[in-house]
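# Fold and contact review
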Amino acid sequence: QVQLVESGGGLVQAGGSLRLSCVASGSIFSINAMGWYRQAPGKQRELVATIPSGGSTNYADSVKGRFTISRDNAKNTVDLQMNDLKPEDTAIYYCKADIKTRQLTRWISYWGQGTQVTVSA
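The following refers to the structure shown. What you see is a predicted model, and the numbers here were worked out from it, not measured in a lab. (Residues numbered from 1 in each chain as written. Predicted model: local features only at pLDDT ≥ 70, side-chain atom pairs only at ≥ 80, totals over all residues. Heavy atoms only, no water.)

## Digging into unusual backbone geometry
- Phi at Asn76 takes a positive value of approximately 55°, unusual for a residue other than glycine.
- Mapped onto the secondary structure, Asn76 falls in the loop between strand 7 (67-72) and strand 8 (77-82).
- At Asp84, a residue that is not glycine, the phi angle is positive and equals roughly 50°.
- With respect to the helices, strands and loops of the structure, Asp84 is situated in the loop between strand 8 and strand 9 (91-101).
- Note on Asp84: relative accessible area 40%, which makes it partly exposed. (Helix = DSSP H or I, 4+ residues; strand = E, 2+ residues; numbered from the N terminus. Buried < 20%, exposed > 50% of the residue type's maximum accessible area, 1.4 Å probe, protein only.)

So this is what it looks like as structure tokens:
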């Protein structure tokens, strides 16, 4: 069994900062890509940023220059530093990781339960 747990959401004024964290736990053999997605009310879930186990990061155009994704492979964590937040960043933010467990040989995508980020004008 694998679990992803996010933390760090909250309410912040426009221009402020928040840092989201996600930790993967359980019977993990290997983690490939990790990332953050978000879903605003009435909208589809969208990619925010991804980071592979090796290689370059990827960001949505709307967050480039404001958000930074990072990971700690030793701790199975992925963080999202969000600066200069805007009201349109308001959404539920979800962590996602592609994981091989000790029982299976294929990659499976796991999601966290989500954390609310609200940015007031």
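## Re the sheet that holds strand 1 (residues 2-7)
- Sheet architecture is open: four strands sit in the order 1-3-8-7, paired in antiparallel fashion. Here the strands that pair on one side only, and so sit at the sheet edges, are strand 1 and strand 7. On average, adjacent strands in this sheet sit at an angle of 15° to one another, irrespective of strand direction. (Pairing = 2+ DSSP bridges. Axes fitted to C-alpha atoms, helices over the stretch in contact; angles between N-to-C directions.)

## Here we look at the state of the cysteines
- With the rule as written, the count across this model stands at one disulfide.
- Put simply, Cys22 and Cys95 are joined by a disulfide, and their sulfur atoms are 2.1 Å apart. Residues Cys22 and Cys95 are joined by a disulfide whose S-S torsion is about -75°; by sign, that bridge is left-handed. Placement of Cys22 in strand 3 (residues 18-26) and of Cys95 in strand 9 is noted, with a sequence separation of 73 residues between them. With respect to burial, Cys22 and Cys95 carry one shared label: buried. (Disulfide = S-S within 2.5 Å.)

## Observations regarding the nonpolar core
- If you look at the biggest cluster of nonpolar residues, it comprises 32 residues, and the most contacted ones within it are Leu4, Trp36, Leu80, Met82, Tyr93 and Ile99.
- For this core, the secondary-structure elements that each account for two or more residues are strand 1, strand 3, strand 4 (28-39), strand 5 (46-51), strand 7, strand 8, strand 9 and strand 11 (115-120).
- No other element matches strand 9, which puts five residues into this core. (Core = buried A, V, L, I, M, F, W, Y, C linked by side-chain atoms within 4.5 Å.)

## What about the packing of aromatic side chains?
- In this structure the tally under the stated criterion is one aromatic pair.
- Centre to centre, the rings of Tyr37 and Trp111 are 5.0 Å apart; their planes meet at 65°, and the pair counts as edge-to-face. You can see Tyr37 sitting in strand 4 and its partner Trp111 sitting in strand 10 (residues 108-111), a full 74 residues away along the chain.
- Above the face of the Tyr94 ring, Arg45 is positioned so that its terminal group lies 3.7 Å from the ring centre. (Phe/Tyr/Trp six-rings, centres within 6.5 Å; stacked < 30°, edge-to-face > 60°. Lys NZ or Arg CZ within 6 Å of the ring centre and 35° of its normal.)

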